[in-house]
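Residues per chain, in single letters:
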Amino acid sequence: MDLESHKNTQVLILDFGSQYTHLITRRIRKLSVFSLCISGTSSLEAIAEHNSRVIILSGGPHSVHLDGAPWLPRGFFEYVEENGVFVLGICYGLQLIVEMLGGEVKAAKSSEYGRMNIGTYEGSVLFDKAMEQQVWMSHGDEVIRLPEGFSVIGRSKRNSIDSLKKNEMGTLNQNGVDCLHENTIAAIENPSKRIFGLQYHPEVTHSPKGMETLQYFLFEVCKVTADWELKDVLIDEIKTVNNEVGPEDHVICALSGGVDSTVAATIVHEAIGDRLHCVFVDNGLLRFQEKEHVMSTFQADLHLSVTCVDATDRFLSKLKGVVEPEMKRKIIGKEFISIFDDFAHELEQKLGRKPTFLVQGTLYPDVIESCPPPGSGRTHSHTIKSHHNVGGLPKDMKLKLIEPLKLLFKDEVRELGGILHVPQGFLKRHPFPGPGLAVRVIGDVTEGNVLDTLRQVDHIFVEAIKQAGIYDSIWQAFAVFPNIRTVGVQGDQRTHSHVVALRAITSEDGMTADWYNFDPKFLQYVSSKICNEVQGVNRVVYDITSKPPSTVEWE
Ligand SMILES: Nc1ncnc2c1ncn2[C@@H]1O[C@H](COP(=O)(O)OP(=O)(O)OP(=O)(O)O)[C@@H](O)[C@H]1O
Ligand SMILES: O=c1[nH]c(=O)c2[nH+]cn([C@@H]3O[C@H](COP(=O)(O)O)[C@@H](O)[C@H]3O)c2[nH]1
Ligand SMILES: NC(=O)CC[C@H](N)C(=O)O
Ligand SMILES: [Mg+2]
């Protein structure tokens, strides 16, 4: 499906740069309601084009009362009123509603970050009953005066929840004055205008009742219908590819052996059959025996035509002496495209017609975390790193992109692969980044035999995980070469050798992650196997950082 021009976006999310915006989209799609996210400062026409029943305003890093804060387009509130659209502001979104409609927001005396308790009021439309619940907060500003027509329907509990007595709430509801100032406004509503606001983040799992609230809001308050299924993507996407690609056109697919490109290739193959030509690139940055393994499983399990291009020298010569992570990523992205152009040229000699399209297995998180392309809706957040297939692409690229999974998350892609009968061996594979070991060796990847050392360590670690039967409970596991020497003692001799790091994470979509809690005996076994078998390594460390604050890959 061309998700971006999908006209049945029941829930449109306007993004103001929160790190959690993608989660709102995911949560709502999980409820079988199609949702899409566009920039918070989109024009009114761009917003209206989606004809959505509900618009959610995300959180964001800005302060609504300071200059330069992103604002909704002029006429937004008139548009929603005239069209009967429901609006829910989350955090910055709530503050924006208040500020734009004549209320007041200011920097709070004390911020609320992390777990908080709130009390919700009886008789509100958004919360059907009064209760105390735990929520996740992340704000430094607070609402001190409500716009006309709004009432407070929940407050955070800084002191004792007993101070939130029902009769005191009643007074607040009517005049909107903050007489219980130690208890920040946590939720507001103006049901006759269909506008609601939550100061906390219902989309994160640390707000245990958040999903329930979103569900109640969508189905009971907004009367949205659950009419979206993942398999719709498949049908629409096949249609889109058929419309875009002419009946004589040939298409190249960059196939890595990973989940995303395998599913993307399978979708395009359904649409255009043998006019799809897959290319697998050995960039010299692959894992132990990866080329052999991937090529043999392609042949055995997938009925696709795949050509393997050995481009080790091309990549490694360009990476010589390069240590800056973003530079590595850009060089690799550019080289991939140059190889695809060459492959298109070779096919032209063979077929008498040049392929004009390139299929990539790009996912929504790749887009979110790379340079935000226009229209992606990520105009207010920071670039974390350039994924080789998005931010790392050269500007003068000749091939046109087909990215059927561009707005999907990994678990959605795995589910889609299941519908397409892609073998489980492909679907369960841990993700492996296109820039490969280059983002796992800190510093110059061409120095000495760092790549080989890393391959051996990684192989020992991942094989041990498979043998222990825990591969499927881990989202991704790999080794890193930090390029640091430490002193050791091996066979009574002093050594000054390398330290290697192991990383294993659990995650839903790679956007946030936690480190995997191995049995210490497992770590002990892997550590001694690595030091005994891999020359030049005398120390093994385990990375115990979540994302955030770290990212999954070290570069
Ligand atoms: N070695 C490779 N040869 C050809 N294309 C590649 C290679 N590595 C990556 N790509 C392209 O870059 C895209 C993004 O890579 P990415 O690693 O995110 O996805 P994937 O490899 O398909 O799946 P996974 O995330 O499970 O590894 C791939 O979908 C594929 O189109
Ligand atoms: O194809 C890719 N090209 C890239 O440039 C790239 N960078 C990171 N990753 C993978 O994305 C997920 C999140 O990783 P980070 O937290 O390091 O951004 C993890 O699964 C990473 O392995 C990439 N995949
Ligand atoms: N998470 C948010 O949306 C924060 C909103 C605003 N920046 C604040 O600190 O209050
Ligand atoms: Mg990959």
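Residues numbered from 1 in each chain as written. Chains lettered and ligands numbered in written order. Predicted model: local features only at pLDDT ≥ 70, side-chain atom pairs only at ≥ 80, totals over all residues.

K.L.:
How would you sum up the confidence of the model for the protein? Please name residues and give values.
P.N.:
Considering every residue of the protein, the mean pLDDT works out to 89; 90% of them sit at 70 or more. Throughout residues 1-7 the model reports pLDDT below 50, and contacts reaching past four residues in sequence, or to other chains, amount to 13 contacts. Every residue in residues 159-181 is under pLDDT 50, and counting partners more than four places away or in other chains gives 28 contacts. Taken together, the chains of this predicted complex give a pTM of 0.77 and an interface ipTM of 0.90. (pLDDT = per-residue confidence, 0-100. Contact = placed C-beta atoms within 7 Å.)

K.L.:
How would you sum up the site of ligand 1? Please name residues and give values.
P.N.:
As a matter of local geometry, ligand 1 sits amid 20 residues, with Ala254, Ser256, Gly258, Ser261 and Gly361 nearest to it. Here the shell around ligand 1 gets three residues from one element, more than from any other, and that element is helix α8 (residues 259-272). (Near = placed C-beta within 6 Å. Helix = DSSP H or I, 4+ residues; strand = E, 2+ residues; numbered from the N terminus.)

K.L.:
Would you mind going over the pairing of strand β11 (residues 276-282) in detail, with residue names and values included?
P.N.:
Of all seven residues in β11, six are buried; the element is thus mostly enclosed. This β-α-β element, strand β10 (residues 251-254) to α8 to β11, shows right-handed connectivity. Here β11 runs beside strand β12 (residues 306-310); their pairing, made up of five bridges, is parallel. What sits directly across from Asp282, in β12, is Asp310. The β-α-β motif built from β11, the intervening helix α9 (residues 290-301) and the parallel element β12 has right-handed crossover chirality. (Buried ≥ 20, exposed ≤ 12 C-beta atoms within 10 Å, placed from the backbone. Right-handed = clockwise from strand over helix to strand, strands pointing away. Pairing = 2+ DSSP bridges.)

K.L.:
Go over the UniProt feature "binding site: ATP" (unreviewed entry) in the protein, please, and point to the residues and values.
P.N.:
Residues annotated by UniProt as "binding site: ATP" (unreviewed entry) correspond here to Ser256, Gly257, Gly258, Val259, Asp260, Ser261 and Thr262. In this structure, Ser256 sits in the loop between β10 and α8. Positionally, Ser261 belongs in helix α8. Under the C-beta neighbour-count criterion, Ser261 is labelled buried, with 23 such atoms within 10 Å. With residues near it in sequence (within four places) discarded, Ser261 still touches Cys253, Ala254, Leu255, Ser256, Gln360 and Gly361. (UniProt positions renumbered as here; feature names shortened; annotations may be inferred.)

K.L.:
Describe the environment of Ser207, naming the residues involved and giving the relevant values.
P.N.:
Secondary-structure assignment places Ser207 in the loop between β9 (195-198) and α6 (210-221). A residue is classified by how many C-beta atoms lie within 10 Å of it, and Ser207, with 23 of them, is buried. Taking C-alpha positions, Ser207 is 23 Å from Lys109, a pair spaced 98 residues apart along the chain. With sequence-adjacent residues up to four places away left out, Ser207 is seen in contact with Val135, Trp136, Tyr200, His201 and Pro202.

K.L.:
Mind laying out the site of ligand 3, listing which residues take part and the relevant values?
P.N.:
Close contacts around ligand 3 come from Ser18, Gly59, Gly60, Pro61, His62, Ser63, Cys91, Tyr92, Ser138, His139, Gly140 and Asp141, and that covers them all. The element contributing the most residues to the shell around ligand 3 is strand β6 (residues 131-145), with four residues. Residue composition of the shell around ligand 3, by class: three nonpolar, eight polar and one charged. (Nonpolar A, V, L, I, M, F, W, Y, C, P; charged D, E, K, R; others polar.)

K.L.:
I'd like a description of the nonpolar core, backed by residues and values.
P.N.:
Counting 79 residues, the largest nonpolar core has Val251, Ile252, Cys253, Val268, Phe340 and Val359 as its most contacted members. Those residues in contact with Val359, other than ones at most four positions away along the chain, are Val251, Ile252, Cys253, Ala254, Ala264, Ala265, Val268 and Ile402. (Core = buried A, V, L, I, M, F, W, Y, C linked by C-beta atoms within 7 Å.)

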